[in-house]
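# Structure assessment
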Amino acid sequence: MGTRHLIAVYQNGVHKIAQYGQWDGYPSGQGKDVLTFLQDAGKVDMLKNYRLKRCRFLTDAEIEKISKEQNPVESRPQLSRNMGADILNLAATVDGLSLVDSIGFAADSLFCEWAYVVDFDTNEFEIYKGFNTTPAIGRFKDLPCEPGSEYTPVTLIKSYKLDALPTLETFLMELENEEN
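The structure presented is a predicted model; accordingly, all values stated were derived computationally and were not measured. (Residues numbered from 1 in each chain as written. Predicted model: local features only at pLDDT ≥ 70, side-chain atom pairs only at ≥ 80, totals over all residues. Heavy atoms only, no water.)

Within the chain, the secondary structure is distributed over 6 helices and 7 strands. Tracing the chain from N to C terminus, the helices and strands come up as β-β-α-α-β-α-α-α-β-β-β-β-α. Computed over the C-alpha atoms, the radius of gyration of the chain is 16 Å, within 12% of the 16 Å expected from 2.2 N^0.38 for a compact globule of 180 residues. Taking the principal axes of its C-alpha atoms as reference, the chain extends roughly 45 × 40 × 30 Å. Classification of the 180 residues of the chain by burial places 45% in the buried group. If you take every contact in the chain between residues at least 6 apart in sequence, the share linking residues at least 24 apart comes to 63%. Surface accessibility of the chain: about 9,200 Å² in total, with carbon and sulfur atoms responsible for 50%. Within the chain, the 27 negative side-chain charges are centred at a point lying 6 Å from the centre of the 18 positive side-chain charges. (Helix = DSSP H or I, 4+ residues; strand = E, 2+ residues; numbered from the N terminus. Rg over C-alpha atoms; globule rule 2.2 N^0.38 Å. Buried < 20%, exposed > 50% of the residue type's maximum accessible area, 1.4 Å probe, protein only. Contact = heavy atoms within 4.5 Å. Areas by Shrake-Rupley, 256 points an atom, 1.4 Å probe, with all protein chains shown as cover. Lys, Arg positive; Asp, Glu negative; His and termini not counted. Charge placed at Lys NZ, Arg CZ, Asp CG, Glu CD.)

Next up on the list: helix α5 (residues 86-93). Burial in α5 covers these residues: I87, L88, L90, A91 and A92. Those residues of α5 that are buried are in contact with β1 (5-11), β2 (14-21), α1 (27-38), α2 (41-51) and β4 (98-99).

This model, assessed by the stated rule, comprises 7 aromatic pairs. Relative to F105, the ring of Y20 lies with its centre 4.9 Å away and its plane at 85 degrees, an arrangement referred to as edge-to-face. Here the residue Y20 occupies a position in strand β2, and F105 occupies one in the loop between β4 and β5 (114-119), the gap between them amounting to 85 residues. Site record: aromatic cluster; members linked through ring pairs are W114, Y116, F125, Y160 and F171. Its guanidinium or amino end placed over the ring of Y10, R139 lies 4.1 Å from that ring's centre, counting from NZ or CZ. (Phe/Tyr/Trp six-rings, centres within 6.5 Å; stacked < 30°, edge-to-face > 60°. Lys NZ or Arg CZ within 6 Å of the ring centre and 35° of its normal.)

On the secondary structure map, T152 appears in the loop between β6 (124-129) and β7 (155-161). If we skip the residues at most four places from it in the chain, T152 touches A107, D108, S109, N132, T133, T134, A136 and C145.

As a further point, take the sheet that holds β1. Spatially, β2-β1-β5-β6-β7 is the arrangement adopted by the 5 strands of the open sheet, whose pairing is mixed. Either end of the sheet is taken by a strand with one partner, and the two such strands are β2 and β7. This sheet shows a mean twist of 15 degrees between the axes of neighbouring strands, independent of strand direction. (Pairing = 2+ DSSP bridges. Axes fitted to C-alpha atoms, helices over the stretch in contact; angles between N-to-C directions.)

The subject of this paragraph is the packing of α2 against α5. It is the contact of α2 with α5, at a shortest axis distance of 8 Å, that shows an interaxial angle of 60 degrees. One finds that α2 runs oblique with respect to α5. Considering the relative orientation of α2 and α5, their crossing is left-handed. Residues K43, M46, L47 and R51 of α2 form the contact with α5, whose own contacting residues are L88, N89, A91, A92 and T93. In terms of residue class, the contact of α2 with α5 is built from 5 nonpolar, 2 polar and 2 charged. (Parallel < 35°, antiparallel > 145°, perpendicular 65-115°, else oblique. Left-handed = near helix turned anticlockwise from the far one by under 90°. Nonpolar A, V, L, I, M, F, W, Y, C, P; charged D, E, K, R; others polar.)

Residue position: E146 is located in the loop between β6 and β7. The class for E146 is exposed, based on a relative accessible area of 53%. Counting along the chain gives 38 residues from E146 to D108, while the straight-line C-alpha distance between them is 6.9 Å.

You can see T3 is positioned in the segment before β1. Beyond its immediate stretch of four places on either side in the chain, T3 contacts G21, Q22, W23, D24, G25, Y26, E113 and W114.

Structural data, given as structure tokens:
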């Protein structure tokens, strides 16, 4: 289902991944996939300690050049709106991944329905919810909103320590009411 979301990774005080996703953004979709990735210590170690350091965001000029190509996503799957949480697996295995910076998507919770943040500085996995019309809570609260919009940035609804992640069943149960 078309449930738009953001997957972000922070390290050393900055976001290193900010991936827009088009599909299955709810907790039992992409949320489950992020949790599953985080439960694989080997993949997390590879991302955190090796590959993330070499991830970079494309410049506007590079994005414009790429957009003129016939099938840009064919050779750069990380640019696809279909990537979702698989961006974490890709980033853990590809050295020097070039990405689009979609962090601003979290500013309009009418469109950004969910956001999942892995913060290696605070050692936390944060879950944010969209359709928010009250002052936002969490790291995105100060993002500039669309002028005249009643919607504010996505708001923090749950946080887990990376070394004390819930089971999938607990994760889904705790977020089930938010999903509905």
